[in-house]
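In case you want the letters, here they are:
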Amino acid sequence: IRDIKVNNVTHQAVAIARKLRELYILSLSDQSIKTIQLGGIPEHIALDTRKNIAIVALEEPGHKLVFVDLAAGTVFPEKIDMEVEALAVDETRGVSVVLGDEHRLSVIDNSTRTILSSQKLKNEYDDLAIHSGLGNAYLVSQSKKLGIFNLDSRTLTSESLLGTAVNHLVIDQTLGMGLLW
């Protein structure tokens, strides 16, 4: 298992397996497992629990972003060619935010599975997390940078230096706090 997320709405865990090129939907209530072939090696996963879809970044063959209908157990035919470094979902706005190669930040509509905006950032970032209530994506880097991307205007509104290098972050939207490591 490469990565796993929990859907608190359907009470399912959704996991990706690199070696087998599969996505697993594990029911937490009856412990049943559904397997979906992805057609590539999965690297990252995010969930849009309002739409009950998984967004999966594939490494090979070619770098692609695919969308999985978790209720139907099928992969949508639309795929987006893009290398993904980090991925997060803003369920309020129904979008995925993707940090890609060459310092590219993209916003993707989860319903239409199309790119709404894409821009090259001047700095490289390694991870991101979203606070839907504030309408921001927070970007962090090993080079001690913090970027704040506004999801409504789709612009990088600020960049600042952190006191230490950061590989990952998570945000608790209820408490309005984040954890950096």
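Parameters at a glance
- Just so you know, the residues in each chain are numbered from 1, in the order the chain's sequence is written.
- The predicted nature of this model means local features are confined to residues of pLDDT at least 70 and side-chain atom pairs, given and counted, to a pLDDT of 80 or more, with totals for whole chains, interfaces and linings taken over all residues.
- Hydrogens and water molecules were not included; the side-chain quantities draw on all heavy atoms of the structure.
- The criterion for strand pairing is that DSSP finds at least two bridges linking the strands in question.
- Strands here mean DSSP runs of E at least two residues long; helices mean DSSP runs of H or I at least four residues long; both are numbered from the N terminus.
- Fitted lines through C-alpha atoms give the axes, limited to the stretch in contact for helices. The angle between two N-to-C directions lies from 0 to 180 degrees.
- Only residues above 30% relative accessible area that lack a salt bridge enter a patch, with like-charged residues linked at up to 9 Å and the nonpolar side chains Val, Leu, Ile, Met, Phe, Trp and Tyr linked at up to 5 Å.
- Only the protein chains shown count as cover for residues, with accessible areas throughout obtained via the Shrake-Rupley method and a probe of 1.4 Å.
- A side-chain nitrogen of Lys or Arg and a carboxyl oxygen of Asp or Glu constitute a salt bridge if their distance falls within 4 Å.
- When charges are counted, Lys and Arg contribute as positive and Asp and Glu as negative, whereas His and the chain ends are disregarded.
- Charge coordinates come from a single atom per side chain, which is NZ of Lys, CZ of Arg, CG of Asp or CD of Glu.
- Only protein chains enter the accessibility calculation, which uses a 1.4 Å probe; a residue whose area is less than 20% of its type maximum is buried, one above 50% is exposed, and one in between is partly exposed.

**Points about the sheet that holds strand S13 (residues 127-131)**
The 4 strands are arranged S13-S14-S15-S16 in an open sheet whose pairing can be described as antiparallel. Each end of this open sheet is capped by a strand with a single partner; those strands are S13 and strand S16 (155-161). Neighbour-to-neighbour, the strand axes of the sheet open up by a mean angle of 20°, direction not taken into account. Strand direction decides the pairing type here: strand S15 (residues 145-150) and S16, joined by 6 bridges, are antiparallel. Looking across to S16, one finds that glycine 147 is bridged to glutamate 159.

**Points about a negative patch on the surface**
Negative charge collects at one region of the surface, where Glu85, Asp101, Glu102 and Glu124 lie side by side. Overall, glutamate 85 belongs to the partly exposed group, its relative accessible area being 37%.

**Structural notes on the sheet that holds strand S6 (residues 53-58)**
In spatial order, the strands read S5-S6-S7-S8; together these 4 strands make up an open sheet with antiparallel pairing. Looking at strand neighbours, the two that pair on one side only are strand S5 (42-48) and strand S8 (74-81), the edges of this open sheet. Taking the axes of each pair of neighbouring strands and ignoring which way they run, one obtains an average angle of 20° across the sheet.

**Some thoughts on unusual backbone geometry**
Cis geometry is found at the peptide bond from glutamate 60 to proline 61, where omega equals 0°. On the secondary structure map, proline 61 appears in the loop between S6 and strand S7 (64-69). The backbone of histidine 11 sits at a positive phi, close to 60°, despite the residue not being glycine. Of the residues examined, histidine 11 reaches a relative accessible area of 48% and is grouped as partly exposed.

In short, the description is geometric, and any link to function would need to be established separately.
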